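# Survey of secondary and tertiary structure
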Amino acid sequence: MNYRIVVGCDDAGLDYKEQLAADLRADPRVAEVIDLGVHRGADDVHRPYPEIGLAAGEAIRDGEADRAVLVCGTGIGMALSANKVPGVRATTAHDSFSVERSILSNNCQVLTLGQRVIGLELARRLVAEWLGYTFDERSASAAKVSLISEYERC
Ligand SMILES: O=C(CO)[C@H](O)COP(=O)(O)O
């Protein structure tokens, strides 16, 4: 697959981001992990989630990365922020079926997770599953996703 994956978090998601980044670096489907912070013990550790979510969305928009995994307390703020970048589809998904459908139905490039909501082992499993799905542009879902893109172009 050779995915280039952005990871990012705020201080509420830092523990999970570190573990998920390590998992992704060890995954043969991943060519590159781009860590947008925040970083433990660094000056950026209190950067608010919108800054990270928007930067991740811009990295997707600009073709610097294929996908992103973002972690905050709930995942919601990261999803809201990344979704503000035109062309980016981000969602929080805390169960296996929603993770699957976020790709196969919605072609989301961004998965967001809440460190205060789900356990670490579930988060790790969901990210591993998420990497295994690819959107089928010939599927019946493609025309529905296109309606979102067309709205953005107006
Ligand atoms: O979960 C968050 C945003 O969705 C964030 O980690 C915490 O935000 P806060 O509750 O506004 O501090």
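What comes next is a walk through the structure. Being a predicted model, the structure only gives us computed values, none of them experimental.

A few words on the packing of aromatic side chains. The tally for this structure, following the rule as stated, stands at zero aromatic pairs. Between R67 and the ring centre of W130, over which it is positioned, the NZ or CZ distance is 5.0 Å.

Soluble, globular proteins show a tendency: their nonpolar side chains are buried together. Judged by nonpolar contacts, the single largest core of 45 residues is most densely connected at L24 and W130. Residues contacting L24, with those up to four places away along its chain left out, are I5, V7, V30, V33, V69, V127 and L131.

By the secondary structure assignment, N83 is in the loop between helix 3 (76-82) and strand 4 (90-92). Put simply, N83 and G57 are 26 residues apart on the chain and 7.1 Å apart in space, counted from C-alpha to C-alpha. If near-sequence neighbours (up to four positions away) are discounted, N83 is found in contact with V88, R89 and A90.

Attention now goes to the packing of helix 1 (residues 14-25) against helix 5 (residues 120-131). Across the interface, helix 1 lies against helix 5 with an axial gap of 10 Å and an inter-helix angle of 40°. The angle between helix 1 and helix 5 falls in the class oblique. The handedness of the crossing between helix 1 and helix 5 comes out as right-handed. Every residue of helix 5 that contacts helix 1 at Y16, Q19, L20, D23 and L24 is listed here: L120, A123, R124, V127 and L131.

Quick look at helix 4 (residues 96-104) now. Regarding helix 4, the residues found buried are V99, S102 and I103. Considered in projection along helix 4, the buried side chains sweep an arc of 90° and stay on one side of the axis. Contacts made by the buried residues of helix 4 are with strand 3 (67-72), strand 4, strand 5 (110-114) and helix 5. For helix 4, the capping residue at the N-terminal end is D95, with a side-chain oxygen 3.1 Å from the backbone nitrogen of F97.

With the rule as written, the count across this model stands at eleven salt bridges. Residue R29 is joined to D27 by a salt bridge in which the shortest nitrogen-to-oxygen separation is 2.9 Å. For R47, the salt bridge identified is with E51, shortest N-O distance 2.8 Å. Judged by its relative accessible area of 31%, R47 falls in the partly exposed class. Relative accessible area serves as the criterion here: at 38%, E51 is assigned to the partly exposed category. If you follow the salt bridges from partner to partner, you end up with D15, E18 and R40 in one network.

What counts and how
- Residues numbered from 1 in each chain as written.
- Predicted model: local features only at pLDDT ≥ 70, side-chain atom pairs only at ≥ 80, totals over all residues.
- Heavy atoms only, no water.
- Phe/Tyr/Trp six-rings, centres within 6.5 Å; stacked < 30°, edge-to-face > 60°.
- Lys NZ or Arg CZ within 6 Å of the ring centre and 35° of its normal.
- Core = buried A, V, L, I, M, F, W, Y, C linked by side-chain atoms within 4.5 Å.
- Buried < 20%, exposed > 50% of the residue type's maximum accessible area, 1.4 Å probe, protein only.
- Contact = heavy atoms within 4.5 Å.
- Helix = DSSP H or I, 4+ residues; strand = E, 2+ residues; numbered from the N terminus.
- Axes fitted to C-alpha atoms, helices over the stretch in contact; angles between N-to-C directions.
- Parallel < 35°, antiparallel > 145°, perpendicular 65-115°, else oblique.
- Left-handed = near helix turned anticlockwise from the far one by under 90°.
- Arc of directions from axis to C-beta.
- Polar contact = N/O pair within 3.5 Å; in protein donor to acceptor, adjacent residues only side chain to side chain.
- Salt bridge = Lys/Arg side-chain N within 4 Å of Asp/Glu carboxyl O.

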